[in-house]
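In case you want the letters, here they are:
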Amino acid sequence: MGYRNYFGLPDNSRCLDKLYSHVLHSLYKWLNRRSGRRSYNWSQFKQMLVYYGIERQRVSKRIIHVDWY
């Protein structure tokens, strides 16, 4: 939650997508290295992400109130 609040700026959506993709591919790679055979294929991995509630990062809309007085 803190990461999304800090880095989830409207101009930073492309970097958030790249980070999410990198983390997913790294997690997939390391989960499949646990034994001598593959633990997950890509569709099973996606089901696991849904089961654990791992969502794609979204850009949060920031409203900044500026008082010019």
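The structure this text deals with has already been given above.
On a predicted model such as this, the values are computed, not experimentally measured, just so you know.

### A closer look at helix 3 (residues 42–52)
Turning to step 1, where the next piece is worked out: Of all the residues in helix 3, the buried ones are Phe-45, Met-48 and Leu-49. Each buried residue of helix 3 lies within a common arc of 100 degrees when the element is viewed along its axis, so the set occupies one face. Residues of helix 3 that are exposed and point more than 90 degrees away from the buried face comprise Gln-47, Val-50 and Tyr-51.
Turning to step 2, where the next piece is worked out: As for helix 3, its buried residues are in contact with helix 2 (13–31).
Turning to step 3, where the next piece is worked out: Positive phi shows up at Gly-53, right after helix 3, with a value of about 75 degrees.

### A look at the packing of helix 2 against helix 3
Turning to step 1, where the next piece is worked out: Packing of helix 2 against helix 3 brings their axes to within 11 Å, and their N-to-C directions diverge by 115 degrees. Judged by the inter-axis angle, helix 2 sits roughly perpendicular to helix 3. Considering the relative orientation of helix 2 and helix 3, their crossing is right-handed. Across from Leu-24, His-25, Leu-27, Tyr-28 and Leu-31 in helix 2, the residues of helix 3 making contact are Trp-42, Phe-45, Lys-46, Met-48 and Leu-49.
Turning to step 2, where the next piece is worked out: Within the contact of helix 2 with helix 3, the residues separate by chemical class into 8 nonpolar, 1 polar and 1 charged.

### A short note on the packing of aromatic side chains
Turning to step 1, where the next piece is worked out: Taken as a whole and assessed by the stated rule, the structure comprises 5 aromatic pairs.
Turning to step 2, where the next piece is worked out: Relative to Phe-45, the ring of Tyr-40 has its centre 6.5 Å away and its plane inclined at 70 degrees; by these criteria the two rings are edge-to-face.
Turning to step 3, where the next piece is worked out: Under the relative-accessibility criterion, Phe-45 is labelled buried at 0%.
Turning to step 4, where the next piece is worked out: Both rings, one in Tyr-51 and one in Tyr-52, keep their centres 5.0 Å apart while their planes meet at 85 degrees; by these two values the pair is edge-to-face.
Turning to step 5, where the next piece is worked out: Taken together, the ring pairs connect Tyr-28, Tyr-40, Trp-42 and Phe-45 into an aromatic cluster.

### Regarding the nonpolar core
Turning to step 1, where the next piece is worked out: Grouped together as the largest cluster of nonpolar side chains are 7 residues: Tyr-20, Leu-24, Tyr-28, Leu-31, Phe-45, Met-48 and Leu-49.
Turning to step 2, where the next piece is worked out: Elements supplying a minimum of two residues to this core: helix 2 and helix 3.
Turning to step 3, where the next piece is worked out: Broken down by element, this core gets its largest block of residues, 4 residues, from helix 2.
Turning to step 4, where the next piece is worked out: Among residues more than four places away in sequence, those in contact with Tyr-20 are Ile-54, Glu-55, Arg-56 and Gln-57.

### Describing a nonpolar patch on the surface
Turning to step 1, where the next piece is worked out: Taken together, the side chains of Tyr-51, Tyr-52 and Ile-54 present a nonpolar region at the surface, about 410 Å² in accessible area.
Turning to step 2, where the next piece is worked out: For Tyr-51, the position within the fold is in helix 3.

Procedures and definitions
- Residues numbered from 1 in each chain as written.
- Predicted model: local features only at pLDDT ≥ 70, side-chain atom pairs only at ≥ 80, totals over all residues.
- Heavy atoms only, no water.
- Buried < 20%, exposed > 50% of the residue type's maximum accessible area, 1.4 Å probe, protein only.
- Helix = DSSP H or I, 4+ residues; strand = E, 2+ residues; numbered from the N terminus.
- Arc of directions from axis to C-beta.
- Contact = heavy atoms within 4.5 Å.
- Axes fitted to C-alpha atoms, helices over the stretch in contact; angles between N-to-C directions.
- Parallel < 35°, antiparallel > 145°, perpendicular 65-115°, else oblique.
- Left-handed = near helix turned anticlockwise from the far one by under 90°.
- Nonpolar A, V, L, I, M, F, W, Y, C, P; charged D, E, K, R; others polar.
- Phe/Tyr/Trp six-rings, centres within 6.5 Å; stacked < 30°, edge-to-face > 60°.
- Core = buried A, V, L, I, M, F, W, Y, C linked by side-chain atoms within 4.5 Å.
- Patch = residues over 30% accessible without salt bridge, like charges linked within 9 Å, V, L, I, M, F, W, Y side chains within 5 Å.
- Areas by Shrake-Rupley, 256 points an atom, 1.4 Å probe, with all protein chains shown as cover.
- Salt bridge = Lys/Arg side-chain N within 4 Å of Asp/Glu carboxyl O.

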